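Understanding the architecture of this molecule
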Amino acid sequence: MLECDVLVIGAGLAGMRAALAAHTNGAKVIMVSKVHPVRSHSNAAQGGINAALTDRGDSWEDHAFDTVKGSDYLGDQDAIEVMCSEAGREIIQMEHWGVIFSRDEEGHLGTRTFGGQRRARTFFVADMTGQAILHVMYEQLMKSGVQSLEEWFVTDLIVADGECRGCVAMEIRSGTLQVIRAKTVVLATGGLGRVFEPSTNALICTGDGIALAYKAGVPLMDMEMVQFHPTTLKGSGVLITEGARAEGGYLLNKDGDRFMLKYAPSMKELASRDVVSRCEQTEINEGRGVDGCVLLDLRHLGEKTIKERLIQIYEIGRDLTGIDITKEPIPIRPGMHYQMGGIKTDVDGRAWDVKGQWGGIRNLFAAGECACVSVHGGNRLGANSLLDTVVFGRRSGEAASQMAKDMKPTEVSEEKWLKSSEDKLRSLLAREANGDSVAKIRWDLGTSMVEHLGVFREEEGMLATKAKVEDLKRRYEKVAVQDKGKMFNTALIFGIELGYMLDCAETVVLGAIERKESRGAHHRLDYPQRDDGNWMKHILVHETPEGPRLSYQPVTVTRWQPQERKY
Amino acid sequence: MEAILKVKRFNPEAAKPEPYWQEYRVEVEPHFTVLDALIKIREEKDETLSLRCSCRSAICGSCAMRINGHATLACKTKLSEMARGRPAVTVEPAGNMPTIKDLVADMTPFWSKVMAVEPWLQPRGPEPQGEYLAPADAMQHLVGVMACIMCGACVSDCTVLEIDPNFLGPAALAKAYRFVGDPRDQADAERLQALSRYSGIWDCTRCNECVQACPKGIAPMDRIMALRDRAMDAGFRNNTGSRHTEAFEEIVEHSGRLDELRLAIKTFGMMNVPAMLGLAPVGLRALMRGKMPPIFHKPIPNAQAVQKLFKKVEEAQKGDRK
Ligand SMILES: Cc1cc2nc3c(=O)[nH]c(=O)nc-3n(C[C@H](O)[C@H](O)[C@H](O)COP(=O)(O)OP(=O)(O)OC[C@H]3O[C@@H](n4cnc5c(N)ncnc54)[C@H](O)[C@@H]3O)c2cc1C
Ligand code: FES
């Protein structure tokens, strides 16, 4: 059995930031990740990270307002204030650690304008901001000496007496299970993108932590809020960064019209993501698309700008579609990108409520895309997610280590937990082949989710997907994994991940059917208006022995009353 | 369209664990990458095939492997291009690292070498309130190195590592350059001194394989050469590598041609008996094959022209450094 004060599950930006904060605070930390930390999905973030720096005339209140408006007034304003007011300090911290942010002529940090915002406050490193920060965070981690279990897959959370006391994890290389006992646990396992097919998310984004928490009885919040990014490639769903539009790219329909001029005359291509995605989908649905897509035109930016500031996009165009973006527009369409909802936490990452209003499990914290504080509400602004990971990663690392300081080691029966996890794995391995496969079930799940829980939704379709998910869960109970080996058995991991994905899907569908209005990314053809009277509230889903149960939480409003959203 | 892939398999749990080739035929689309095909094989034909992959867009660094004999990222490599003119596309795990299973290489040695260059920023003095001020172009230049995704393709194909597993290798050295080149880092001297030791910058043979293999255009070898320049500029010349470089330069500048015997003497030192004896077999073999360089070279008539060239290059370099 391995032991520590603070166990951090996940080594993306949120996880590493939490581990570093807890380590700095004197805790013995173990960090676990199913892939090597620098392979975490945070490296895919291309565009940048937001912060309003007061010394250059920006104000965090402006940033907070843009975030509140972007969230379609579903974000909790107290949490948004925390995130935006602490942003500057995090950027400077990362710069001091070594992040090579792009600079202006005087050698200060440079910025670009991102969607849904009135000022240039997005800090960036060419179009590889996530990678730049992730690698530096790992450098700091190597320096700190924090124990990092790399390529270890968490199969179970250890929960007893309403407390989280660690996890069971499999060392992928050897296939052996280990119990890791901890005083406090931070979940930072990232998003659930692969529940949708296609998605911009990496293949590892399977909602593991969200499902583990849900199955332990922790409430999930805003799960119906799924962001569709306006510029993704057709087949693979690979992302073209918002940076492409931030640098001045145009969106054109098949007649060559810049259609955003019509829908969002002031912010045009840089209106909020939900808005742009809906406009594109409308163009496509009304017959003005090109082969199910619209066109992103970057030619007028010139080869120099493209090759200096949009290197990755240039390469993605060339390698994945065979298009030279300096010479031709590239077909794109809205694609699943980000999960606004997740494990409900407070601003210190606590997944339980000290006031007992929304329940949860003591000693468990969450941060990053798997958590929902909620700062993104109905729609996340571009470049606010990296910020979310570092601010709330740090805060939860601090809070988790603080709590651990006053605690005695928890009691965990190693034998019992090992056995229950082993049984779970054995059952997946022991089943007879029945012609079905993990990949087929995953495909059926993802395509059904995109079909009925996409940019436009309505009751009938969502009910069909609900029934589908129930059916897939039954198929999942019988599906067999073909690789029976112990060492580096990726088939077994996909099998377990599929279980997590099905649980996540269930909560997305339930939330979406429940919310009978259109707000942010959740747009219903049968309820096309926002309805503040009835629905300016969060929907929470948690599991009970009788099945999933829905409940509500009011939205915290500090200073910005809801207004109509115009861009 | 059908594609044929020959994949090198290895099952460590087999009764006799030995690598073997397995052929897969799979239906593919024209836009498929090699990774797309491998995923399709794994999902539809053979779940037991293990490989690492995640982002599908050349950013996570998981899927480095050898395709048709050369290391690259499977997600960045068009299948149709690899299949052109060949009966089958071959896929093997990355080289110079032990294989765990199938296409999964053991990257532990890779990371321990990265760790050895102390890969974190080491500024000195009090931290500024705001950001460190740094010239935009210096930072832009570093972005080109920082773009390394640690996939290990360069290490896989490094010809020095094939012979000397202790060599720090292209990835770790490029990472070291990222800090030496960073105006905020103040540990240049210590870094360059450490890198000038055995297994460091002077062990590269400039074969260029890493430059070819790198899927992100990092050009590790060029970074190693830049480190050599910096190390010599910083005065770390008391090693065979830099003496060799200096002697090479001096001899060619002086007489317009290379004099191999003088080069050896200058590099190792006339009185360095063990090193000289060590070179004796090489000399003998050369002699027997009639390849021994002459002791006295004919003078080159226009040696001054070479000297002029040297001057020009030096001036240009000075300008660059400014
Ligand atoms: C293509 C793309 C571009 C983006 N661009 C931007 C941008 O420009 N700006 C922005 O702000 N945001 C952007 N985002 C969003 C942002 O990148 C993510 O929301 C954020 O990085 C998530 O970070 P995280 O730390 O929460 O999770 P991740 O980085 O996804 O890390 C999750 C970690 O959990 C581990 N893990 C998961 N499950 C398990 C398990 N069962 N056992 C052990 N370990 C596990 C993983 O190994 C990984 O280390 C982008 C997203 C995508 C998909
Ligand atoms: S899958 Fe990420 S680099 Fe290839």
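Residues numbered from 1 in each chain as written. Chains lettered and ligands numbered in written order. Predicted model: local features only at pLDDT ≥ 70, side-chain atom pairs only at ≥ 80, totals over all residues. Heavy atoms only, no water.

**Observations concerning the overall build of chain A**
Operational definition: Counting from the N terminus, the helices are the DSSP runs of H or I reaching at least four residues and the strands are the DSSP runs of E reaching at least two. Using C-alpha atoms as the atom set, the radius of gyration is obtained and then compared with a globule rule of 2.2 Å times the number of residues to the power 0.38. Each residue is placed in one exposure class: buried if its accessible area under a 1.4 Å probe, protein chains only, is under 20% of its type's maximum, exposed if it is over 50%, and partly exposed if it falls in between. Note on contacts: a residue pair qualifies if any of its non-hydrogen atoms lie within 4.5 Å across the two residues. Using a 1.4 Å probe, accessible areas were evaluated by the Shrake-Rupley method; residue-level cover was limited to the displayed protein chains. All tallies of charge rest on Lys and Arg as positive and Asp and Glu as negative; His and the ends of each chain are not included. By convention, the charge on Lys lies at NZ, on Arg at CZ, on Asp at CG and on Glu at CD.
In terms of regular secondary structure, chain A is built from 17 helices and 19 strands. Against the compact-globule benchmark of 24 Å for 567 residues, chain A has a radius of gyration of 22 Å, which places it among compact chains. Counting the 567 residues in chain A, one finds 67% classified as buried. Within chain A, counting contacts between residues at least 6 apart in sequence, those at least 24 apart form 74% of the total. Accessible surface, chain A: about 18,400 Å² in total, of which carbon and sulfur atoms supply 49%. Positive and negative charge centroids in chain A, built from 70 and 80 side chains respectively, lie 0 Å apart.

**Describing the sheet that holds strand E13 (residues 294–297) of chain A**
All names here are of chain A. Our working rule: Two strands pair under a simple rule: DSSP has to find at least two bridges between them. Note on method: axes are straight lines fitted to C-alpha atoms, helices fitted across the in-contact stretch only, with angles between N-to-C directions ranging 0 to 180 degrees.
Judged by pairing direction, the sheet is antiparallel, and its four strands sit side by side in the order E11-E14-E13-E12 without closing on themselves. Among the strands making up the open sheet, the edge pair consists of strand E11 (226–232) and strand E12 (250–252). The mean angle between the axes of side-by-side strands here comes to 45 degrees, regardless of whether they run parallel or antiparallel.

**Quick notes on the domain arrangement of chain B**
Applied cut-off: Bear in mind that the domain bounds are from an automatic or database domain assignment.
Each assigned domain of chain B is listed here: domain 1 (2–103), domain 2 (108–124 + 135–233) and domain 3 (240–316). Its C-alpha centre places domain 2 of chain B at a distance of 28 Å from the equivalent point of domain 3 of chain B.

**Considering the packing of helix H14 (residues 438–452) of chain A against helix H16 (residues 490–514) of chain A**
All names here are of chain A. The following threshold applies: By definition in this entry, angles of less than 35 degrees are roughly parallel, angles greater than 145 are roughly antiparallel, angles of 65 to 115 are roughly perpendicular, and the rest are oblique. Two helices cross in a left-handed way if the nearer one is turned anticlockwise from the farther one by less than a right angle. They cross in a right-handed way if the turn is clockwise. Under the convention adopted here, Pro, Cys and the residues Ala, Val, Leu, Ile, Met, Phe, Trp and Tyr are nonpolar, Asp, Glu, Lys and Arg are charged, and Gly plus all remaining residues are polar.
Across the interface, H14 lies against H16 with an axial gap of 10 Å and an inter-helix angle of 20 degrees. When the axis of H14 is compared with that of H16, the two are roughly parallel. For the element pair H14 and H16, the recorded crossing hand is left-handed. Contact residues: Val438, Ile441, Arg442, Leu445 and Met449 in H14; Phe494, Gly495, Leu498, Met501, Leu502, Ala505, Val508 and Val509 in H16. Each residue belonging to the contact of H14 with H16 can be placed in one class, and the counts come to eleven nonpolar, one polar and one charged.

**Regarding the pattern of salt bridges**
All names here are of chain A. Selection rule: Here a salt bridge means any side-chain nitrogen of Lys or Arg lying within 4 Å of a carboxyl oxygen belonging to Asp or Glu.
Here the structure, examined in full by the defined rule, presents 77 salt bridges over all chains. In this structure, Asp5 engages Lys183 in a salt bridge whose closest nitrogen and oxygen atoms are separated by 3.3 Å. In this pair, Asp5 sits in strand E1 (residues 2–9) while Lys183 sits in strand E9 (residues 176–187), placing the two residues 178 residues apart along the sequence. Arg524 is the partner of Glu459 in a salt bridge, and the nearest nitrogen-oxygen pair spans 3.0 Å. With a gap of 65 residues between them, Glu459 in helix H15 (residues 459–478) and Arg524 in the loop between H16 and helix H17 (532–535) connect regions that are remote in the sequence. On the basis of relative accessibility, which here comes to 27%, the residue Glu459 falls in the partly exposed class. Among the charged side chains, a salt-bridge network with shared partners connects Asp72, Glu224, Asp274, Arg278, Arg515, Glu517, Arg519, Arg530, Asp532 and Arg565.

**Some details on the pairing of E13 of chain A**
Working note: regular strand, side chains alternate between the two faces of the sheet. All names here are of chain A. In this sheet, E13 lies alongside E12 in antiparallel orientation, the contact comprising three bridges. The residue bridging Tyr250 from the neighbouring strand is Asp297, located in E13. Judged from the three bridges that link them, E13 and strand E14 (residues 330–339) form a sheet pairing that is antiparallel. Counterpart to Leu295 in the pairing with E14 is Pro331.

**Quick look at the side chain of Glu497 of chain A**
Tracing the backbone through its elements, the reader meets Glu497 of chain A in helix H16. Not counting residues within four places of it along the chain, the set of residues in contact with Glu497 of chain A comprises Lys34, Phe153, Thr206 and Asp208 of chain A.

**Re the packing of helix H1 (residues 13–24) of chain A against helix H12 (residues 385–405) of chain A**
When two helices pack together, their arrangement is given by the angle between the helix axes and by the axis-to-axis distance. Residues and elements named next belong to chain A. Two numbers describe how H1 lies on H12: the axes approach to 7 Å, and their chain directions differ by 35 degrees. Regarding H1 and H12, the two cross each other, and that crossing is right-handed. Between H1 and H12, the contacting residues are Leu13, Ala14, Arg17, Ala18, Ala21 and Ala22 on the first element and Leu386, Thr389, Val390, Gly393, Arg394, Ser396, Gly397, Glu398 and Ser401 on the second. Residue composition of the contact of H1 with H12, by class: seven nonpolar, five polar and three charged.

**With respect to the sheet that holds strand E5 (residues 120–123) of chain A**
Residue and element names in this part refer to chain A. Taken in spatial order, the three strands line up as E3-E5-E4 in an open sheet, and their pairing is antiparallel. Looking at the sheet topology across the chains shown, the edges are occupied by strand E3 (49–50) and strand E4 (111–113). Pairing of E4 with E5 involves three bridges; the strand directions are antiparallel. Bridge assignment links Arg112 to a residue of E5, and that residue is Thr122.

**Concerning H14 of chain A**
Think of an α-helix as turning once every 3.6 residues; residues three or four places apart then point the same way. Put simply, the rule is: For a helix, the expected span equals 1.5 Å multiplied by the number of residues minus one.
Between its first and last C-alpha atoms H14 of chain A spans 22 Å; for 15 residues at 1.5 Å apiece the expected length is 21 Å, and the two agree. Every buried residue of H14 of chain A is accounted for by Val438, Ala439, Ile441, Arg442, Leu445, Gly446, Ser448 and Met449 of chain A. Those residues of H14 of chain A that are buried lie in contact with H15 and H16 of chain A together with helix H1 (34–45) of chain B.

**Let's talk about the interface of chain B and chain A**
The line we're drawing: Throughout, buried area stands for the accessible area (probe radius 1.4 Å) lost by two parts on being put together, summed over both. Polar contacts, as counted here, are pairs of nitrogen or oxygen atoms within 3.5 Å of one another; within protein the pair requires one atom able to donate a hydrogen and one able to accept it, and residues that are adjacent in sequence qualify only if both atoms are side-chain atoms.
Each partner contributes to the interface: chain B provides 61 residues, whereas chain A provides 66 residues. When chain B packs against chain A, the two sides together hide about 5,100 Å² of surface, and 54% of this comes from carbon and sulfur. Considering only the side of chain B, the residues that lose the most area to chain A are Glu47, Arg56 and Glu131 of chain B, jointly responsible for 15% of the buried surface there. Linking chain B with chain A are eight salt bridges, by the criterion used here. At the junction of chain B with chain A, the criterion picks out 33 residue pairs in polar contact (both at pLDDT 80 or more). Here the side of chain B that touches chain A gets six residues from one element, more than from any other, and that element is helix H4 (residues 136–146) of chain B. Looking at the side of chain B that touches chain A residue by residue, the class counts come to 33 nonpolar, twelve polar and 16 charged.

**With respect to helix H7 (residues 169–180) of chain B**
Residues and elements named next belong to chain B. In a regular helix each residue adds 1.5 Å, so twelve residues correspond to 16 Å; H7 covers 17 Å between its end C-alpha atoms and thus fits that length. A large share of H7 lies buried, amounting to twelve of its twelve residues. Residues of H7 that are buried include every one of Gly169, Pro170, Ala171, Ala172, Leu173, Ala174, Lys175, Ala176, Tyr177, Arg178, Phe179 and Val180, and no others.

**Quick look at the packing of aromatic side chains**
Residue and element names in this part refer to chain A. Heads up, the condition is: Any two rings among Phe, Tyr and Trp, with Trp reduced to its six-membered ring, count as a pair given centres within 6.5 Å; such a pair is stacked if its planes are under 30 degrees apart, edge-to-face if over 60, and tilted if neither.
The full count for this structure, using the stated rule, is nine aromatic pairs over all chains. Judged by centre distance (6.4 Å) and plane angle (70 degrees), the rings of Phe101 and Phe123 are edge-to-face. One end of the pair, Phe101, is in the loop between helix H4 (87–97) and E4; the other, Phe123, is in strand E5, and 22 residues separate them in sequence. On the accessibility criterion, Phe123 (1% relative accessible area) is buried. Look at Trp352 and Phe365: their rings are 5.4 Å apart centre to centre, the planes differ by 85 degrees, and that puts the pair in the edge-to-face class.

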